[in-house]
Amino acid sequence: MFEKMREHRKVIAFFAFIYLVFGASLFYLLLYTPGLEFSQEETEEGGLDVFIGNNSVHIINSIEVARQSGEKVLEIEQLLPGEKIKLDFSEESGAIIISAKAPYHETVGASFTVISPKEKVPRISYQIIVPELVLVGTPFNAEIEACNDGEETVEGMEFEQNHEAGFFEEEESVQMLSLAVGACENLVFSLTPLKEGTTKIYFNVKARSYSKKFSRQVEITEFEEIQIAVE
């Protein structure tokens, strides 16, 4: 009799453990999934719209979008899976920091540059010229070419070049540029590798109500690769 009771307790304990693991997993997956996300899209008029969306597979209720200061931007009763809603920043230009939260979901935050419909997004095209393989101790150039394809001169563009610490002798640097309509300019950043390894070089471009980011991977080696041509 006691043996049966022990076996019965073992079975109960086993299923209790299974239910506990299943319940905890379900609680985490359904109640604490990221779910909410911000996105930004360029409009036909040249502005930039900000959206809050539901990237989960379930409905999210009672969503609150607020600024960094705590000021509420929007309250949303419900977002269906895949649904997104445009946030109204039509009277603003410049950088904004916002967050979104909902019960049983992680709070998400984002920073955006918004542009009033009265302003136009600069139409700048870029070409990045960075060698994929460089030698320790041998300087090389990391270049970025910018062309103004828009209809207005772009003033005060800031080109910042930075990289991971320890790989190059030079520190991060900044160059300023203004681009007339139809004009192209090539900015050159000289770098000297210090050690072997794989690293990245970053270009951050900033102007009024405008920003772009680029990166290129570089392999640094001690010896130049020897290639033998066989005819």
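Predicted model, so just to flag it, every value in this text is computed and none were measured.

Caption draft 1: Up close: the overall build of the chain. From N to C terminus, the chain includes one helix and 15 strands. With 231 residues in all, the chain has 33% of them scored as buried. Within the chain, residue pairs in contact and separated by at least 24 positions form 60% of the contacts whose partners lie at least 6 positions apart. Total accessible area computed for the chain in this model is approximately 15200 Å², and 53% of it derives from carbon and sulfur atoms.

Caption draft 2: Structural context of the sheet that holds strand β12 (residues 173-179). Spatially, five strands are ordered β9-β15-β14-β11-β12 in an open sheet, and the strand pairing comes out mixed. Two strands close off the open sheet at either side, each with one partner strand: β9 (133-135) and β12. Between one strand axis and the next, the sheet turns through 30 degrees on average, direction left out of account. Note that strand β11 (residues 154-163) and β12 share six bridges and pair antiparallel. Within β12, the residue paired with Glu160 across the bridge is Val174.

Caption draft 3: View of the pairing of strand β6 (residues 94-101). In terms of strand pairing, strand β3 (residues 60-67) meets β6 through four bridges, oriented antiparallel. From the neighbouring strand, Arg67 faces β6, where its bridge partner is Ile98. Strand direction decides the pairing type here: β6 and strand β7 (residues 108-114), joined by seven bridges, are antiparallel. Paired with Ala95 across the bridge in β7 is Thr113. With antiparallel pairing between neighbouring strands as the criterion, β6 and β7 make up a hairpin whose turn holds six residues, including Tyr104 at a positive phi of roughly 65 degrees.

Caption draft 4: Examining the pattern of salt bridges more closely. For the coordinates displayed, the defined rule picks out four salt bridges. In this structure, Lys72 engages Glu64 in a salt bridge whose closest nitrogen and oxygen atoms are separated by 3.6 Å. On the accessibility criterion, Lys72 (47% relative accessible area) is partly exposed. Judged by its relative accessible area of 21%, Glu64 falls in the partly exposed class. Residue Glu75 pairs with Lys72 through a salt bridge whose shortest N-O separation is 2.7 Å. Overlapping salt bridges, with partners in common, bring together Glu64, Lys72 and Glu75 in one network.

Calculation rules
- Note that residues are indexed from 1 along each chain, following the sequence as it is written.
- Totals for whole chains, interfaces and linings use all residues, but because this is a predicted model, local features are given only for residues with pLDDT of at least 70 and pairs of side-chain atoms are given and counted only at 80 or more.
- Calculation of side-chain values draws on the structure's entire complement of heavy atoms; hydrogens and water are dropped beforehand.
- Starting at the N terminus, helices and strands are each numbered in turn, a helix being any DSSP run of H or I of at least four residues and a strand any DSSP run of E of at least two.
- For every residue, the accessible area (1.4 Å probe, protein chains only) is compared with the maximum for its type, and the residue is labelled buried under 20%, exposed over 50%, or partly exposed between those bounds.
- Between two residues, a contact is recorded if the distance between any of their heavy atoms is within 4.5 Å.
- Exposure was quantified through the Shrake-Rupley algorithm and a 1.4 Å probe, taking into account, for residues, occlusion by the shown protein chains and nothing else.
- For two strands to count as paired, DSSP must find a minimum of two bridges between them.
- Angles here are taken between N-to-C directions and fall from 0 to 180 degrees, while the axes themselves are lines fitted to C-alpha atoms, restricted in helices to the stretch in contact.
- The term salt bridge refers to a pairing of a side-chain nitrogen on Lys or Arg with a carboxyl oxygen on Asp or Glu at a separation within 4 Å.

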